[in-house]
Amino acid sequence: MKPWGVAAINVAGSFVLGAVAASAPLPPRVKLLLGTGFCGSFTTFSTFSVDTVQLIQAGQAKKAFAYVMVNNVMGITAAGAGILLFAPKLKL
């Protein structure tokens, strides 16, 4: 279960970072604090990396590949969703 919990945290953190990046009303320093401070400490790239290596060492290469794909594809998707949901709407 451990690797999948880390994946869930990474995906959630990607969504929050996308939302923070897209939030126009936030001053740049607040974005920096939330982005690097909160999201940086909340997400766990180093744990993701170690978990992946440990899965491979345990002979679970398919599970390691799935774990990498979930972290990357879902993380990028979540960041995009955060940006789309929190970006200022264009006025025509």
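Cut-offs applied
- Residues numbered from 1 in each chain as written.
- Predicted model: local features only at pLDDT ≥ 70, side-chain atom pairs only at ≥ 80, totals over all residues.
- Heavy atoms only, no water.
- Patch = residues over 30% accessible without salt bridge, like charges linked within 9 Å, V, L, I, M, F, W, Y side chains within 5 Å.
- Areas by Shrake-Rupley, 256 points an atom, 1.4 Å probe, with all protein chains shown as cover.
- Salt bridge = Lys/Arg side-chain N within 4 Å of Asp/Glu carboxyl O.
- Buried < 20%, exposed > 50% of the residue type's maximum accessible area, 1.4 Å probe, protein only.
- 1 Å grid on protein atoms, 1.4 Å probe; cavity = no way out; pocket = protein on both sides within 12 Å on 5 of 7 lines; lining within 4 Å.
- Points joined across faces, edges and corners; volume = space filled by probe spheres on them.
- Helix = DSSP H or I, 4+ residues; strand = E, 2+ residues; numbered from the N terminus.
- Expected span 1.5 Å × (residues − 1).
- Contact = heavy atoms within 4.5 Å.
- Core = buried A, V, L, I, M, F, W, Y, C linked by side-chain atoms within 4.5 Å.
- Axes fitted to C-alpha atoms, helices over the stretch in contact; angles between N-to-C directions.
- Parallel < 35°, antiparallel > 145°, perpendicular 65-115°, else oblique.

1. A word on a nonpolar patch on the surface
Together, F65, M69, V70, V73 and M74 make up an exposed nonpolar region whose accessible area comes to about 430 Å². Look at M74 and you get partly exposed, because its relative accessible area is 41%.

2. Focus on the layout of surface pockets
Approximately 200 Å³ is the volume attributed to the largest pocket. Around the largest pocket, the lining residues are N10, V11, G13, S14, T43, T44, F45, F48, N71, N72 and G75. Listed by contribution, the elements that provide at least two residues to the lining of the largest pocket are helix 1 (2–22), helix 3 (45–57) and helix 4 (61–86). The leading source of residues in the lining of the largest pocket is helix 1, at four residues.

3. A closer look at helix 1
Here helix 1 is 21 residues long and its end C-alpha atoms lie 31 Å apart, about the 30 Å a rise of 1.5 Å per residue gives. Among the residues of helix 1, those classed as buried are P3, V6, A7, N10, V11, G13, G18, A19, V20 and A22. Buried residues along helix 1 sit against helix 2 (28–42), helix 3 and helix 4.

4. Notes on the side chain of T52
Take T52: it is sitting in helix 3. A relative accessible area of 11% places T52 in the buried class. The contact partners of T52, leaving out residues within four places of it in the chain, are A64, Y67 and V68.

5. Some thoughts on the nonpolar core
Within the largest apolar cluster, six residues are counted, these being V6, A7, F48, L55, A64 and Y67. Among the elements of the structure, helix 1, helix 3 and helix 4 are those that each provide at least two residues to this core.

6. Some details on the packing of helix 1 against helix 2
Orientation of helix 1 relative to helix 2, taken along the N-to-C sense of each, is 180°, at an axis distance of 9 Å. With respect to helix 2, the axis of helix 1 lies roughly antiparallel. Residue-level contacts link I9, A12, G13, V16, L17, V20 and A21 of helix 1 to K31, L34, G35, F38, C39 and F42 of helix 2.

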